[in-house]
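# Results of the structural survey
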Amino acid sequence: MITAQGLGKTYPDGTRGLAGLNLKIEQGEFVAIIGGSGAGKSTFLRLVNGTIPTTDGQLQVLDCNVPDADPSDLRKLRRQIGFIFQQFNLVKSLSVMDNVLVGRLGYHNDLAGTLGLFSDEDKRLARQYLDEVGLSAKYHSRADQLSGGQQQRVAIARALVQDPKIILADEPMASLDPKLSEVILELLKSFNEKKKITVIVNIHVLELARKYASRIIGLRGGQLVFDGPVSSLTDEKLRMIYG
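A brief report on the enclosed structure follows.

Procedures and definitions
Residues numbered from 1 in each chain as written. Predicted model: local features only at pLDDT ≥ 70, side-chain atom pairs only at ≥ 80, totals over all residues. Heavy atoms only, no water. Pairing = 2+ DSSP bridges. Helix = DSSP H or I, 4+ residues; strand = E, 2+ residues; numbered from the N terminus. Axes fitted to C-alpha atoms, helices over the stretch in contact; angles between N-to-C directions. Contact = heavy atoms within 4.5 Å. Buried < 20%, exposed > 50% of the residue type's maximum accessible area, 1.4 Å probe, protein only. Core = buried A, V, L, I, M, F, W, Y, C linked by side-chain atoms within 4.5 Å.

## Overview of the sheet that holds strand β8 (residues 198–202)
To summarise the sheet geometry, strands pair through backbone hydrogen bonds and adopt either a parallel or an antiparallel arrangement. On the basis of which strands lie adjacent, the open sheet formed by six strands has the order β6-β7-β8-β3-β9-β10 and mixed pairing. Two strands lie at the open edges of the sheet, namely β6 (81–84) and β10 (223–228), each paired on one side alone. Strand-to-strand twist in this sheet, taken as the mean axis angle between neighbours without regard to direction, amounts to 15°. Two elements, strand β3 (residues 30–34) and β8, share four bridges in a ladder whose sense is parallel. Within the sheet, the bridge partner assigned to F30 lies in β8 and is V199. The sheet strands contacting helix α6 (residues 148–160) are β6 and β7 (166–170), and the helix crosses β6 at an angle near 170°.

The following block contains the structure:
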């Protein structure tokens, strides 16, 4: 699904986001990326999604050579990648249903997307995934009327309605309390197992990474310092990651 070889990112101000990253992520894995602030976790997800350009190395995502991709290629790639954000990134004045339908924009031309001309199938899928994340009673509620946990579930439904092969989640529990954090990770884990969707989640709570991930990647200063199963994440390895 994802192959990085010597992957690097240096920002215009000289800040190094990633350096010499080599890894492969296969279909159906649930990967947690851990590391301190500035380790490169968010940079990696944005490179995978083609949101920011690479500086060095190669990155292959779903048969797309991302550094050489043109805008049309990137549009097709992003259609297959759901992205879940820290702050939900919902349009607060729109209904829950309309926010989820945003996930179908990649399947329509620009004019149809601008006019909101969604098909009956689009709407059926939106209802299906809202039901699956437990929001069947909230179709017509405004997004700003929901709790934080409900808003993140809307964001998950929006990602799923894309019919993605990969879901990227950038610290999706950062704005939630511990109980709601587990609810969100349980949902991601269930879709990972049922649909074999590859899930990559940046996470700052180590206990949750250990509980839900099958593989942990540790970054420090933009470099890969750990990559392995949860069982091999020893205290010594953690000191390598966090210092």
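Continuing now.
## Here's the deal with the pairing of strand β9 (residues 215–220)
Most of β9 is tucked away: five of the six residues are buried. Bridging between β3 and β9 involves four bridges; their strand directions are parallel. Bridge pairing links V31 to R215 in β9. Pairing geometry for β9 and β10, over five bridges, is antiparallel. Counterpart to L219 in the pairing with β10 is L224.

## A few points about the nonpolar core
I34, I156 and L188 are the most contacted members of the largest nonpolar core, which has 50 residues in total. Sorting elements by how many residues they give to this core places α6 first, with six residues. Apart from the residues lying within four places of it in its own chain, the contact partners of I156 are I84, V133, I184, L187, L188 and F191.

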